[in-house]
Amino acid sequence: MTKYLLASVFLVAAGAIQAQSPAVSQSDTQPTSEPPAIKSFDPSAMDTSADPCTDFYQYACGNWVKNNPIPSDQVRWARSFSQVAERNRYLLWKDLDEAAKDPKTPLQKQYGDFYAACMDTATIEKKGIGPVKSSWAEIARLKSAKEIPGLLAELENQGTPDGFFDFEVGQDEKDSSSQIAELYQGGISLPDRDYYLVDNKHYADVRAEYVKHMTRMFTLAGDTPERAAQEAAAVMEIETAMAKASMSRTELRNPENRYHIYTVADLDKLTPGFDWTVYFTRSGIAHFDSLNVGTPDFFKALNGMLESEPLGTWKSYLRWQVLHGQASDLSKPFFDENFDFFSRTLAGQQEPQPRWKMCTRMTDEALGEAVGQDWVKQNFPPEAKQSMDKLVAELEKSLGDDIRTLPWMSDSTKQAAEQKLAMIRNNIGYPEKWRDYSSVKVSRTDLVGNLHHSAVYERNYNFAKLGKPVDEKEWGMTPPTVNAYYRWAFNDINFPAGILQPPFFDFKADPAVNFGGIGVVIGHEMTHGFDDQGSKFDGNGNLREWQTPEDRKAFTERTECVAKEYDGFVAAPAQGDAPAQHVNGHLTLGENTADNGGLRIAYMALLDALASEGKSVDEKIDGFTEAQRYFISFAQVWCQNQTEQLARQLSLVDPHSPGKWRVNGSVQNFDEFGKAFGCKKGQPMYPVNSCRVW
Ligand SMILES: [Zn+2]
């Protein structure tokens, strides 16, 4: 499924940590001012009293970190990613606001109405919990657990969230040209299975708070307090059992662990208590005989639960999934209670974001390639694409040079690696062909209805892929998104227009600054093709070994060095009852490998670019050498503050390391850094022993 098929440069924003408010006030309905463009290479962000050889992150970002506390409507405030995202969102809001008031084209009418319905809080308040009640009536009619498959299909046909598991169409990892049905574990509401399983007081308290939250939500929805408490306990029991049966995120990173082709007949034998024929047929997906069951143990356990748990427990679980899945789209009491637990308690957010921000994000999520068409016209000039094409070519050359000179790899594997590199495709800015949303029905007065129609559209769009050729031009992010990604099944790198802005990409800046910014991002995405996951796929995107056994062994020794190094970094220090949480070196291995590789190859590309102009990295601009400017520019992409709660959450769920370690971990593995800052061998950022994969 798509979430396992894409490696991004930054956390793909999760709804749970981005919750926002339906409360109405003036600053809620529109922005108060235009966010400024962000400077690339900013000496005022630095703490020059710190020693770059001891803690480079503090040196490059210290003043920024000190002077930029987290805004009360955010859980993380990152110098580059958050501020560019705020600016892009503002520019997108201008388009949406105008389209809502005075649409000029059918597309503008569609996304303008979507935005207007989201802003219409008076109607949302009037509807209250209405949108949930018809689904609850269907759940109430369940006569036995045997009817659950049919009910799940019906709920999904209406665009209603229902938990249980994930079913969709994706590329066959061993034959990336074919698209097959896939089943994966799912069904839990907390951010990760560890929230249910970790045995310490901190997580026990979180679980107790979660049960209280569910009880309050059921009560708000009209259940008696006694019944609400029973239901919350039932949901906790089911979700805990699902969490126990789930594979960890780290295990899921290994493609072999999530690849299990079953015939539908064998799947029926695995889970005799769940009638898949009923589920698939009622879902409306075309007929198929076999599929990938990504997590068979989960489905086996689910079957046992279906046979042993009483029907009432399942009804409570389903009622919760329907209610929780839509809580932030309902009236204020539900929104506030949902915010209080999922955003304030779990992520440390002080207050909800203004309504206009939420509605801009939701419109972008639902109709992104409609909204994006107008957005790129104003915010992504054709020259930017040409400059990016040139930069990408320079980075490709560097990675090729790097592969050819690797000390540990045999010639035959080097050739295979170069072949894969030559096959990487580049997508820059926005799709060549835009998606057609004309079948999505949008009402100006029905937010939840619009969201349901959008969910059904996405589902049908995905199901239609079954057995069809892969569309290589399809994008996985919308144009204003501040992010970038590599897809191993496509073997492509993708840069939405949203990230191709200052401070990442600034052609008024000197080459060192651009190579340290967008150059490292490009190198990062390319290196994903060769990280612990990407290296298992060939140039055609198929799961197939192309390294010799000796080279694979040497590769794994090197990646284990990186995993062990990052295991030592603290992601969230001990506080109160909560023990320190470390970076998970294996969960973050792909991203750390990509950060390390990206920093190295972008530096090599910078050397080439300077040499072609007859310059060297030792030349100074404004008191810093080109080499120093490169490393500072790189580090300043990652200056950030985040709440303690979010730091804990991300250390369990985010495959990326915290900003501080993305900087310090990368520079201490690259000797050119120590040389650029005149460090002494043995200092923390210039260690005697370091790790290197690429
Ligand atoms: Zn990445």
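So, here is what we can say about the structure in this document. Treat the numbers as computed from the prediction; the structure is a model and nothing was measured. Within any chain, residue numbers begin from 1 and follow the written order of that chain's sequence. In keeping with the predicted nature of the model, local features appear solely for residues at pLDDT of at least 70, side-chain atom pairs appear and are counted solely at 80 or more, and the whole-chain, interface and lining totals rest on all residues. Only hydrogens and water are set aside when side-chain values are computed; all heavy atoms of the structure are taken into account.

## Looking at the overall build of the protein chain
- Of regular secondary structure, the protein chain possesses 27 helices and 14 strands.
- The reference for a compact globule is 2.2 Å times residues^0.38; the radius of gyration itself is calculated from the C-alpha atoms. Radius of gyration (C-alpha) of the protein chain: 25 Å, near the 26 Å computed for a compact globule of 694 residues.
- C-alpha extents for the protein chain along the principal axes are approximately 75 × 60 × 55 Å.
- Between buried and exposed lies partly exposed: a residue is buried under 20% and exposed over 50% of the maximum accessible area for its type, with that area taken using a 1.4 Å probe on protein chains only. Here the protein chain holds 694 residues, and 61% of them are scored as buried.
- The contact definition used throughout considers only heavy atoms, calling two residues in contact when any of these lie within 4.5 Å. Within the protein chain, contacts between residues separated by at least 24 positions form 76% of all contacts whose residues are at least 6 apart in sequence.
- Each accessible area value is a Shrake-Rupley result obtained with a 1.4 Å probe; residue values ignore everything except the protein chains displayed when judging cover. If you sum the accessible surface of the protein chain, you get close to 26400 Å²; carbon and sulfur atoms cover 52% of it.
- Separation of charge centres in the protein chain, based on 73 positive and 96 negative side chains, amounts to 2 Å. To qualify as a helix, a DSSP run of H or I must reach at least 4 residues; to qualify as a strand, a run of E must reach at least 2; elements of each kind are numbered from the N terminus. In summary, the charge assignment counts Lys and Arg as positive and Asp and Glu as negative, without counting His or the chain termini. Taken as the charge location is NZ of Lys, CZ of Arg, CG of Asp or CD of Glu.

## Observations regarding the coordination of the zinc ion
- For the zinc ion, the protein coordination sphere consists of Ser8 (O), His524 (NE2), His528 (NE2) and Glu591 (OE), at 2.0 to 2.2 Å.
- Angles of 90 to 137 degrees at the metal separate the four donor atoms of the zinc ion, which places the site in the irregular class.
- Metal-coordinating donors are taken as N, O and S atoms lying within 2.8 Å of the metal, or within 3.2 Å when the metal is Na, K or Ca; because water is left out, some sites can appear incomplete. Site description for the zinc ion: donor spacing in sequence, S-x515-H-x3-H-x62-E. Of this pair, Ser8 sits in strand β1 (residues 7–8) while Glu591 is found in helix α23 (residues 589–612), placing the two residues 583 residues apart along the sequence. Of the two residues, Ser8 and Glu591, neither departs from the other in class, the shared state being buried. Only four donors with every angle between 85 and 135 degrees are called tetrahedral; only four or six donors with opposite donors over 155 degrees apart and all others between 65 and 115 are called square planar or octahedral, in that order; all others are irregular.

## Description of the environment of Trp93
- Position of Trp93 among the secondary structure elements: in helix α3 (residues 81–101).
- For the pair Trp93 and Thr363, spaced 270 residues apart in the sequence, the C-alpha separation amounts to 9.7 Å.
- A polar contact of 2.9 Å, which involves the side chain of Trp93, links it to the side chain of Tyr115. Whenever a nitrogen or oxygen atom comes within 3.5 Å of another N or O atom, the pair is scored as a polar contact, on the condition that within protein one atom can donate a hydrogen and the other can accept it, and that pairs from neighbouring residues in sequence are kept only if both atoms are in side chains.

## Things to note about the state of the cysteines
- Only a pair of cysteine sulfur atoms within 2.5 Å qualifies as a disulfide here. Using the criterion set out here, one finds four disulfides in the structure.
- Each sulfur of the disulfide joining Cys53 and Cys679 lies 2.1 Å from the other. Torsion about the S-S bond of the Cys53 and Cys679 cystine: about -85 degrees, corresponding to left-handed handedness. Of this pair, Cys53 sits in the loop between α1 (26–29) and α2 (56–67) while Cys679 sits in the segment after α27 (671–676); the two residues are 626 residues apart in sequence, bridging distant segments of the chain.
- Take Cys679: its relative accessible area is 9%, and that puts it in the buried class.
- Of note for the protein chain: the bonded cysteines, numbered N- to C-terminal, pair according to 1-7, 2-6, 3-4, 5-8.

## With respect to the sheet that holds strand β8 (residues 485–487)
- Strand order across the open sheet formed by four strands is β1-β8-β9-β7, with mixed pairing between neighbours. The open sheet terminates on both sides in strands that have one partner only, identified here as β1 and β7 (425–429).
- Bridge count for β1 against β8 is two bridges, and the pairing is antiparallel. Note that in β8 the partner of Ala7 across the bridge is Tyr486.
- On top of the sheet, helix α18 (residues 382–404) reaches β7 and β9 (492–496); it is set at about 150 degrees to β7, its chief contact. Each pair of strands is called paired provided DSSP finds at least two bridges between the two strands. Axis definition: a line fitted to C-alpha atoms, limited for helices to the stretch in contact. Angles are taken between N-to-C directions and run from 0 to 180 degrees.

## Points about the nonpolar core
- Working definition of a nonpolar core: buried Ala, Val, Leu, Ile, Met, Phe, Trp, Tyr and Cys residues. They are joined through side-chain atoms within 4.5 Å. Phe56 and Phe631 are the most contacted members of the largest nonpolar core, which has 128 residues in total.
- With ten residues, the top contributor of residues to this core is helix α17 (residues 355–379).
- In this view, Phe631 contacts Phe56, Leu599, Tyr603, Val667, Phe670, Glu672, Phe673, Ala676 and Phe677; residues no more than four positions away in its chain are not counted.
- Counting 73 residues, the second-largest nonpolar core is a separate cluster that includes Val132, Leu291, Phe299 and Leu346.

## Some words on helix α26 (residues 659–667)
- Within α26, eight of the nine residues are buried, which leaves it mostly tucked inside the rest of the structure.
- Buried within α26 are the following residues: Gly659, Trp661, Arg662, Val663, Asn664, Gly665, Ser666 and Val667.

## With respect to the pattern of salt bridges
- Definition used for salt bridges: Asp or Glu carboxyl oxygen within 4 Å of a side-chain nitrogen of Lys or Arg. Using the criterion set out here, one finds 51 salt bridges in the structure.
- Asp113 serves as the salt-bridge partner of Lys109, at 2.7 Å between the closest nitrogen and oxygen. Residue Lys109 and its partner Asp113 are both found in helix α4 (residues 106–119); the two are separated by four residues, about one turn of the helix.
- A relative accessible area of 41% means that Lys109 is categorised as partly exposed.
- A salt bridge links Lys465 to Glu474, with the nearest nitrogen and oxygen atoms 3.0 Å apart. Here Lys465 matches Glu474 in class, with each residue buried.
- One salt-bridge network, held together by shared partners, links Lys397, Asp401, Arg404, Glu418 and Asp608.

## Topic: the packing of aromatic side chains
- A pair of aromatic rings is counted whenever rings of Phe, Tyr or Trp (Trp by its six-membered ring) have centres within 6.5 Å, and the orientation is called stacked for planes under 30 degrees apart, edge-to-face for over 60 and tilted otherwise. Under the definition given, this model contains 59 aromatic pairs.
- Between Phe530 and Trp694, the ring centres sit 5.2 Å apart and the planes meet at 65 degrees, which makes this aromatic pair edge-to-face. Of this pair, Phe530 sits in the loop between α21 (511–528) and α22 (549–567) while Trp694 is found in the segment after α27, placing the two residues 164 residues apart along the sequence. Like Phe530, the residue Trp694 is buried in the burial classification.
- Ring centres of Tyr603 and Tyr630 lie 5.3 Å apart, and the angle between their planes is 65 degrees; this geometry places the pair in the edge-to-face category. Highlighted residues: Tyr603 in helix α23 and Tyr630 in helix α24 (residues 626–636), separated in sequence by 27 residues.

## A few points about the packing of α18 against α23
- Following both chains from N to C, one finds α18 and α23 inclined at 110 degrees, their axes separated by 8 Å at the closest point. Classified by the angle between their axes, α18 and α23 sit roughly perpendicular to one another. As α18 runs across α23, the sense of the crossing is right-handed. Here Glu394, Leu395, Lys397, Ser398, Leu399, Asp401 and Asp402 of α18 come into contact with α23, specifically with Arg600, Ile601, Ala602, Met604, Ala605 and Asp608.
- In this classification, Asp, Glu, Lys and Arg are treated as charged, Ala, Val, Leu, Ile, Met, Phe, Trp, Tyr, Cys and Pro as nonpolar, and every other residue, Gly included, as polar. Here the residues of the contact of α18 with α23 sort into six nonpolar, one polar and six charged. Reported orientations rely on four angle classes, namely roughly parallel under 35 degrees, roughly antiparallel over 145, roughly perpendicular from 65 to 115, and oblique for the rest. By convention, the crossing between two helices is left-handed when the near helix turns anticlockwise from the far helix through less than a right angle, and right-handed when the turn is clockwise.

## Focus on the sheet that holds strand β5 (residues 261–263)
- What the four strands build is an open sheet, ordered β3-β4-β6-β5; its pairing is mixed. Unpaired on one side and paired on the other, β3 (165–172) and β5 mark the two borders of the sheet. The sheet shows a mean angle of 40 degrees between the axes of neighbouring strands, direction not considered.
- Looking at chain direction, strand β4 (residues 175–185) and strand β6 (residues 290–293) are connected through two bridges and run parallel. Counterpart to Leu183 in the pairing with β6 is Val293.
- The sheet strands contacting helix α13 (residues 276–283) are β3, β4 and β6, and the helix crosses β3 at an angle near 70 degrees.

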